[in-house]
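What follows is each chain in one-letter form.
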Amino acid sequence: MAEDVRWLDPDQLQGWMALAGMLFKLPGALDYQLQRDSGLNHFEYTVLAALSESPDRSRRMSDLAGEANGTLSRLSHVVKRLESRGFVDRRPCDEDGRITVATLTDKGYAYLVDAAPGHVEMVREYVIDALTPEQLEQLKVISQQILAKVDPGRSC
């Protein structure tokens with residue numbers, strides 16, 4: 001069985017280790033800044049941001065889970081916390097009562113607006129400004145290709 005394994009050559013291993021390191025460290029750095037400055041974790045911020053960009057600041061919970069790259073169960077727990085802070089409201093969908101819709105409140109939107117500048121500054125510092133425009137384009141294409149393999153049903 002081990003003879004059938006397509007082992008990584010040294011260059012492939014270095015590329016993989018660099019990506020794996022970034023996948024572990026970048027979310028932690030972004031989370032730290034958000035927690036420190038606004039009391040939100042990165043997932044909570046992503047949920048609020050996704051709602052802010054949605055029509056009427058509302059999304060079906062199942063759609064929101066996909067947009068925020070989380071499971072419906074994790075999203076439900078996070079939305080419950082955000083709801084207790086007055087940032088999000090939940091209600092049954094008008095067309096189908098079995099579906100729950102989350103809506104960003106005015107208070108949640110104001111909180112997101114306050115949190116966004118610090119978060120964007122970190123994204124710029126750690127990612128955008130660290131790359132040339134050509135590298136950023138490559139990053140986008142590479143990330144889309146990997147996401148298409150990992151999550152084939154999701155459009156990038």
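Look up: the structure comes first, before these words.
All values reported here derive from a predicted model rather than from experimental measurement.

**Some points on the overall build of the chain**
In terms of helices and strands, the chain carries 6 helices and 3 strands. Projected onto the principal axes, the alpha-carbon positions of the chain cover approximately 55 × 35 × 25 Å. Residue burial in the chain is summarised as follows: out of 156 residues, 27% are buried. Contacts spanning at least 24 positions in sequence make up 54% of the contacts within the chain whose residues lie at least 6 apart. Total accessible area on the chain is roughly 10,700 Å²; 56% of this is exposed by carbon and sulfur atoms. Across the chain, 18 positive and 24 negative side-chain charges occur, with their mean positions spaced 5 Å apart.

**A short note on the sheet that holds strand β2 (residues 88-92)**
Taken in spatial order, the 3 strands line up as β1-β3-β2 in an open sheet, and their pairing is antiparallel. In the strand order of this sheet, the two ends are held by β1 (58-60) and β2, each with one partner. When strand polarity is set aside, the average angle formed by the axes of neighbouring strands in this sheet is 25°. In this structure, β2 lies alongside strand β3 (residues 100-104), joined through 5 bridges in antiparallel fashion. By the bridge assignment, Asp89 is partnered in β3 with Thr103.

**As for the pairing of β3**
Of all 5 residues making up β3, 4 are buried, and the element is well covered by its neighbours. Taken together, the 3 bridges between β1 and β3 define a ladder with antiparallel strand orientation. Along β3, the bridge assignment pairs Ser58 with Thr103.

**A short note on the packing of helix α1 (residues 10-38) against helix α5 (residues 106-128)**
The geometry of α1 relative to α5 is characterised by a closest axis approach of 10 Å and an angle of 145° between their N-to-C directions. In this structure, α1 meets α5 at a crossing whose hand is right-handed. For the pair α1 and α5, contact is made by Leu26, Ala29, Leu30, Gln33, Leu34 and Ser38 and by Tyr111, Ala115, Gly118, His119, Met122, Val123, Tyr126 and Val127, respectively.

**A look at the side chain of Gln33**
With respect to the element layout, Gln33 can be found in helix α1. Residue contacts for Gln33: discarding those within four places in its chain leaves Gly118, His119 and Met122.

**Considerations on a nonpolar patch on the surface**
Judged by side-chain polarity, Leu8, Leu13, Trp16, Met17, Met22 and Leu23 come together as a nonpolar surface patch covering roughly 590 Å² of accessible area. Checked against the element boundaries, Met17 lands in helix α1.

**Quick notes on the pattern of salt bridges**
In total, this model carries 7 salt bridges according to the counting rule given. The salt bridge involving Glu83 is made with Arg90; its shortest N-O contact spans 2.9 Å. Under the relative-accessibility criterion, Glu83 is labelled partly exposed at 28%. We classify Arg90 as partly exposed; its relative accessible area is 30%. Among the ionic pairs, Glu137 bridges to Lys140, the shortest N-O distance being 3.2 Å. On the criterion of helical spacing, the pair formed by Glu137 and Lys140 is a turn pair, its members being 3 residues apart in helix α6 (residues 133-150). The partly exposed category is assigned to Glu137, whose relative accessible area is 40%.

The rules we used
- Each chain carries its own residue numbering, running from 1 in the written order of its sequence.
- For this predicted model, a pLDDT threshold of at least 70 governs which residues receive local features, and a threshold of 80 or more governs which side-chain atom pairs are given and counted, while totals over whole chains, interfaces and linings are taken from all residues.
- To get the side-chain values, take all heavy atoms of the structure and skip hydrogens and water.
- Helix and strand definitions follow DSSP, with helices as H or I runs of at least four residues and strands as E runs of at least two, each counted in order from the N terminus.
- Relative accessible area decides the class of each residue, using a 1.4 Å probe on protein chains only: under 20% of the type maximum gives buried, over 50% gives exposed, and in between gives partly exposed.
- In what follows, residue pairs with any heavy atoms lying within 4.5 Å of each other are defined as contacts.
- In short, Shrake-Rupley with a 1.4 Å probe defines the accessible areas, and a residue's cover is counted only from the protein chains shown.
- Only four residue types enter the charge count, namely Lys and Arg as positive and Asp and Glu as negative; His and the chain termini do not.
- By convention, charge coordinates are those of NZ in Lys, CZ in Arg, CG in Asp, or CD in Glu.
- We call two strands paired when DSSP finds no fewer than two bridges between them.
- The convention used is that axes are lines fitted to C-alpha atoms, helices contributing only their stretch in contact, and that angles between N-to-C directions extend from 0 to 180 degrees.
- The handedness criterion is simple: a crossing whose near helix is rotated anticlockwise from the far helix by less than a right angle is left-handed, and one whose near helix is rotated clockwise is right-handed.
- Here the term patch refers to residues with relative accessible area over 30% and no salt bridge, with like charges joined within 9 Å and nonpolar side chains (Val, Leu, Ile, Met, Phe, Trp, Tyr) within 5 Å.
- One side-chain nitrogen of Lys or Arg within 4 Å of one carboxyl oxygen of Asp or Glu is enough to make a salt bridge.

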